[in-house]
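Chain by chain, the residues:
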Amino acid sequence: MAYEIEDDIMPLFLINGFLEAGKTQFLDFTMQQDYFKADGKTLLIVCEEGDTEYDEKKLKKNKTEVVFVDDMEKLTPRYLNELEVVYQPERVLMEWNGMWNQDELKLPDDWTIYQTALKSGKKDIAETYRKRALNYRNIYDTTIGFARPRYSDGSFKKDFDVLQTYGEGFIEGNSWNFSFHVPHDVFGMMDLMGGEKTFVDKLDKLISMHLPEKYYEHNEDITAECLVGGYVHGNEPSHHVPYLYAWTSEPWKTQYWLREILNKMYKNDINGLGGNDDCGQMSAWYLFSVMGFYPVCPGTDQYVLGSPYLPYLKLKLPNGNTLEIKAPGVSDKRRYVQSLKLNGKIYDKMYLTHEDILKGGVLEFKMSASPNKRRGLSAEDKPYSLTKGINK
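Keep in mind it's a predicted model, so treat the numbers as computed, not measured. (Residues numbered from 1 in each chain as written. Predicted model: local features only at pLDDT ≥ 70, side-chain atom pairs only at ≥ 80, totals over all residues. Heavy atoms only, no water.)

Draft legend 1. Fine view of the overall build of the protein chain. What the protein chain contains, in helices and strands, is eleven helices and 18 strands. When each of the 392 residues of the protein chain is scored for burial, the buried share is 51%. Long-range contacts, defined as pairs at least 24 residues apart, comprise 62% of the intrachain contacts of the protein chain with a sequence gap of at least 6. (Helix = DSSP H or I, 4+ residues; strand = E, 2+ residues; numbered from the N terminus. Buried < 20%, exposed > 50% of the residue type's maximum accessible area, 1.4 Å probe, protein only. Contact = heavy atoms within 4.5 Å.)

Have a look at this one:
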């Protein structure tokens, strides 16, 4: 699959923009960033030549050489080795969400391609991308229990700090947050971490810990206002994290933490949004979570259930149907879902499907001041996961 830039101005913009910033980076048209060096020079790789009237003096000053690549498929380790590129460890094998593969640097989400190929009847392609979607396992260091960037020779990054949000290979977060970034294979991730008990314990610690300022003071994407404990809600890569309890035997913890996050991060004030609303994602998370569900893994048809924030909402759906969401008596105290009915019938699953929503009707939550610790525990009630564990 080739990636094309329709606007020839883009390479010029990328080159001059990052020269102005005083550093050069490996870039493609999506503005994903990586650092590569060769013979003491920085290589700035862009997709199309386009307009090449960039500032030659600044290129020379920054010891920068521009390499034009007409096809992103060519950006493989073999090609980069031909340029005598020396990998920087931070981003070489960042494969979260199946997006980065250790054999080829490709941008599409491999799991989504797997799903598309599967539904198209292309089993050989599906199997290839299914394997690629599991590559997150290659950068999880079981000796420390966290995701950890690796060098091209397979060794892990040295002097690594799982709390540091700057310079450790993660954008808008740290290893504590990104170690949970496997929304398409939660049971596999859970098994990799050492099982459900360890998984839940880590979730608890992430959201309740204190993250000292020294771990984000040099990160322009993270401020104290972005944090709930060590959980970085103020930028979107971690937005699925509070919903991950739904895969465990303690789904009620999602109901607790969602209200804590909503109360802290969203206020009716000029500075009421606690973070960076990239393309509306902070707001989208709010709208979904207020309704009581969220698309943890886009590409499935599932919306993982949490707990509604308001006593009543009514959605007008594009097909003309309506969905009423009722939660009488819901409050900061009565935040737990005692039971749920979908169109009058008891509903114990931890997710709704897109079809459920489009059919419309009434979603009625019975709220309580104490959690129902018996609800949603059976295997059939759990949301989607690519595997049931490492070898399952």
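Draft legend 2. Focus on the side chain of H184. For H184, the location among the structural elements is in the loop between α6 (175-178) and α7 (186-192). For H184, a relative accessible area of 1% puts it in the buried group. At 2.8 Å, the side chain of H184 forms a polar contact with the backbone oxygen of A133. (Polar contact = N/O pair within 3.5 Å; in protein donor to acceptor, adjacent residues only side chain to side chain.)

Draft legend 3. Structural view of the sheet that holds strand β17 (residues 351-353). Spatially, β11-β12-β17 is the arrangement adopted by the three strands of the open sheet, whose pairing is antiparallel. Strand pairing shows two members of the sheet lacking a second neighbour, β11 (293-294) and β17, which therefore form its edges. The sheet contact formed by strand β12 (residues 302-305) and β17 spans three bridges and is antiparallel. Note that in β17 the partner of Q302 across the bridge is T353. (Pairing = 2+ DSSP bridges.)

Draft legend 4. Just the sheet that holds strand β14 (residues 322-326), in detail. If you trace the five strands from one edge of the open sheet to the other, you get β13-β14-β18-β15-β16, paired in mixed fashion. The outermost strands of the open sheet, each flanked by one partner alone, are β13 (312-316) and β16 (345-346). In this structure, strand β15 (residues 336-342) lies alongside strand β18 (residues 361-368), joined through six bridges in antiparallel fashion. From the neighbouring strand, L342 faces β18, where its bridge partner is L363.

Draft legend 5. Molecular detail of a positive patch on the surface. A cluster of like positive charges, contributed by K333, R334, K341 and K366, occupies part of the molecular surface. For R334, the position within the fold is in the loop between β14 and β15. (Patch = residues over 30% accessible without salt bridge, like charges linked within 9 Å, V, L, I, M, F, W, Y side chains within 5 Å. Areas by Shrake-Rupley, 256 points an atom, 1.4 Å probe, with all protein chains shown as cover. Salt bridge = Lys/Arg side-chain N within 4 Å of Asp/Glu carboxyl O. Lys, Arg positive; Asp, Glu negative; His and termini not counted. Charge placed at Lys NZ, Arg CZ, Asp CG, Glu CD.)

Draft legend 6. Fine view of the packing of aromatic side chains. The final tally for this structure, using the stated rule, is 15 aromatic pairs. Between the aromatic rings of F180 and F199, the centroid separation amounts to 5.6 Å while the plane-to-plane angle is 70°, which identifies the pairing as edge-to-face. Here the residue F180 occupies a position in the loop between α6 and α7, and F199 occupies one in helix α8 (residues 196-208), the gap between them amounting to 19 residues. Both residues of the pair, F180 and F199, belong to the buried class. Aromatic ring contacts, followed pair by pair, group Y243, Y266, W285, Y286, F288, F293, Y294 and Y303 into a single cluster. A cation sits over an aromatic face here: R150 above F156, 4.5 Å from the ring centre. Here K202 stacks its cationic end above the ring of F146, 4.1 Å away from the centre of that ring. (Phe/Tyr/Trp six-rings, centres within 6.5 Å; stacked < 30°, edge-to-face > 60°. Lys NZ or Arg CZ within 6 Å of the ring centre and 35° of its normal.)

Draft legend 7. Quick peek at the nonpolar core. Ranked by size, the top nonpolar core spans 80 residues in total, and within it F180, F199, W247, F293, L363 and F365 carry the most contacts. Setting aside anything within four residues of it in sequence, one finds F199 in contact with F180, V186, M189, M190, M193, L244 and T248. (Core = buried A, V, L, I, M, F, W, Y, C linked by side-chain atoms within 4.5 Å.)

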